[in-house]
Amino acid sequence: MIDTHCHLNDAQFDNDVDLVIDRLTSGGVEAVVCVGWDFKSSVKAREISDLNDNVYYAIGVHPDECDDYNQFEMEDLLRLKSSKLVAVGEIGLDYYHNKDNKFRQMEVFESQISLANKYKLPIIIHCRDAFGDMLTILKKYAPFKYGAVMHCYSGSLEYAKEIIKLGIRISFTGSVTFKNATNLHEVAKNIPLDSFFFETDSPYLTPEPNRGKRNEPIYVFDVAKAVAKLRGIDEDKLIELTDKNAKGFFRI
Ligand SMILES: [Zn+2]
């Protein structure tokens, strides 16, 4: 089982990251991707990856942090990458937290798409309340030769179909386990089996039945279980398929 997106580099794991990694390893999570959201957290993702065989990493500047984006700083991290750097992310647009800096967000997003292309890496996309501008940018850069995934998917089924047509993957978090997430359930039921995989986005978005607690990668099984149930297919079979998708995508 692969957790394709977690933040072991978050301060919430500072005191017990080794225990969290022990739990995921002994619990059957084969690999995780530790994702950066700014320069510092990207460096930290690399450090955690260097110390742990099954932790891969991604570097990127989240739209909330776009004021601090420095292309040269990011490019240094790309030039000095280890073999376990698997993506540029998380990058994208977030108009939920701030819609007064749309142009800056778009500029930073596009700059990082170009860096990912230059270094032949897939991108991990964050999109919140910005689906229109996002689609415009995605159409401009599609097809994504090295891959693109919209993480923590929260859009409609129609939108999912549209971006899948552009060659973009979808990834589901614990949100899909929430009873009232009916739109998301429709997405999880109806998109092609080869178009998605799973993540925790831990320490956030803890899936049921542990909602309310701090999230951690071992709970990625609960995300898979919910989607298997929605689709009416065997959980192990689904995990086998989505792992194959994720490994191919991140070249793990
Ligand atoms: Zn995240």
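Notes on the structure follow.

Basis of the calculations
Residues numbered from 1 in each chain as written. Predicted model: local features only at pLDDT ≥ 70, side-chain atom pairs only at ≥ 80, totals over all residues. Heavy atoms only, no water. Salt bridge = Lys/Arg side-chain N within 4 Å of Asp/Glu carboxyl O. Helix = DSSP H or I, 4+ residues; strand = E, 2+ residues; numbered from the N terminus. Buried < 20%, exposed > 50% of the residue type's maximum accessible area, 1.4 Å probe, protein only. Contact = heavy atoms within 4.5 Å. Pairing = 2+ DSSP bridges. Axes fitted to C-alpha atoms, helices over the stretch in contact; angles between N-to-C directions. Parallel < 35°, antiparallel > 145°, perpendicular 65-115°, else oblique. Left-handed = near helix turned anticlockwise from the far one by under 90°. Donors = N, O, S within 2.8 Å, 3.2 Å for Na, K, Ca; no water. Tetrahedral: all angles 85-135°; square planar, octahedral: opposite > 155°, others 65-115°. Nonpolar A, V, L, I, M, F, W, Y, C, P; charged D, E, K, R; others polar. Right-handed = clockwise from strand over helix to strand, strands pointing away. Expected span 1.5 Å × (residues − 1). Arc of directions from axis to C-beta. Polar contact = N/O pair within 3.5 Å; in protein donor to acceptor, adjacent residues only side chain to side chain.

Let's talk about the pattern of salt bridges
So, point 1. Applying the stated rule across the entire model yields 14 salt bridges.
So, point 2. For the salt bridge of Glu 30 with Lys 247, the shortest nitrogen-to-oxygen distance reads 2.9 Å. Taken together, the positions of Glu 30 in the loop between α1 (17–26) and β2 (31–35) and Lys 247 in helix α9 (residues 235–250) put the pair 217 residues apart, joining distant regions of the chain.
So, point 3. Given a relative accessible area of 43%, Glu 30 falls into the partly exposed group.
So, point 4. A cluster of three or more residues bridged by salt bridges with shared partners is formed by Asp 16, Arg 23, Arg 214 and Glu 216.

Brief notes about the environment of Phe 249
So, point 1. Examined against the element boundaries, Phe 249 turns out to sit in helix α9.
So, point 2. On the basis of relative accessible area, Phe 249 is assigned to the buried category, the value being 6%.
So, point 3. In the structure, Phe 249 is positioned 127 residues away from Pro 122 in sequence and 7.6 Å away in space, judged by C-alpha atoms.
So, point 4. Every residue in contact with Phe 249, bar those within four places of it in the chain, is listed here: Pro 122, Ile 123, Gly 147, Ala 148, Val 149, Arg 169 and Phe 197.

Notes on the sheet that holds strand β5 (residues 123–128)
So, point 1. Strand order in the open sheet made by the eight strands is β1-β2-β3-β4-β5-β6-β7-β8, with parallel pairing throughout. In the strand order of this sheet, the two ends are held by β1 (2–6) and β8 (196–198), each with one partner. Neighbour to neighbour, the strand axes of the sheet diverge by 30 degrees on average, direction disregarded.
So, point 2. Against the sheet, helix α5 (residues 131–141) contacts β4 (85–94), β5 and β6 (148–150), and its axis sits at roughly 150 degrees relative to β5.

Some thoughts on the packing of helix α4 (residues 102–118) against α5
So, point 1. Running from N to C, α4 and α5 point in directions that differ by 30 degrees, and their axes come no closer than 12 Å. One way to sum up the angle between α4 and α5 is to call them roughly parallel. Considering the relative orientation of α4 and α5, their crossing is right-handed. Facing α4, whose interface residues are Lys 102, Met 106, Phe 109, Glu 110, Ile 113, Ser 114 and Asn 117, α5 presents Asp 133, Met 134, Ile 137, Leu 138, Lys 140 and Tyr 141.

Observations concerning the coordination of the zinc ion
So, point 1. Ligation of the zinc ion by protein atoms is provided by His 5 (NE2), His 7 (NE2), Glu 90 (OE) and Asp 201 (OD), these donors lying 2.1 to 2.2 Å from the ion.
So, point 2. Each of the four donor atoms around the zinc ion contributes to a set of angles spanning 88 to 176 degrees, which defines the coordination as irregular.
So, point 3. Positions of the donor residues of the zinc ion along the chain correspond to the pattern H-x1-H-x82-E-x110-D. Highlighted residues: His 7 in the loop between β1 and α1 and Asp 201 in the loop between β8 and α8 (220–231), separated in sequence by 194 residues. With respect to class, His 7 is no different from Asp 201; both count as buried.

A few points about the packing of α8 against α9
So, point 1. Packing of α8 against α9 leaves a shortest axis separation of 9 Å and a crossing angle of 115 degrees. As the angle between them shows, α8 and α9 are arranged roughly perpendicular. Along this stretch, α8 crosses α9, giving a crossing that reads as right-handed. Between α8 and α9, the contacting residues are Phe 221, Ala 224, Lys 225, Val 227 and Ala 228 on the first element and Glu 235, Leu 238 and Ile 239 on the second.
So, point 2. When grouped by side-chain class, the residues that make up the contact of α8 with α9 number six nonpolar, no polar and two charged.

Here we look at the pairing of strand β7 (residues 169–172)
Regular strands place their side chains on alternate faces of the sheet.
So, point 1. Pairing between β6 and β7: two bridges, direction parallel. Paired with Val 149 across the strands is Arg 169, a residue of β7.
So, point 2. A crossover connection joins β6 to the parallel β7 through helix α6 (residues 157–165); in handedness this β-α-β unit is right-handed.
So, point 3. The parallel pair β7 and β8, bridged by helix α7 (residues 182–190), forms a crossover whose chirality is right-handed.

Some words on α9
So, point 1. Spanning 16 residues, α9 covers 22 Å between terminal C-alpha atoms, matching the ideal 22 Å at 1.5 Å per step.
So, point 2. Listed in full, the buried residues belonging to α9 are Leu 238, Ile 239, Thr 242, Asp 243, Asn 245, Ala 246, Phe 249 and Phe 250. Projected down its long axis, α9 carries its buried residues within an arc of 165 degrees, all on one side. Across from the buried face of α9, at angles greater than 90 degrees, the exposed residues are Asp 236, Glu 240 and Lys 244.
So, point 3. Of the residues flanking the start of α9, the one acting as N-cap is Asp 234, its side-chain oxygen 3.3 Å from the backbone nitrogen of Asp 236.
So, point 4. Arg 251, located one to two residues past α9, shows a positive phi value of around 50 degrees.

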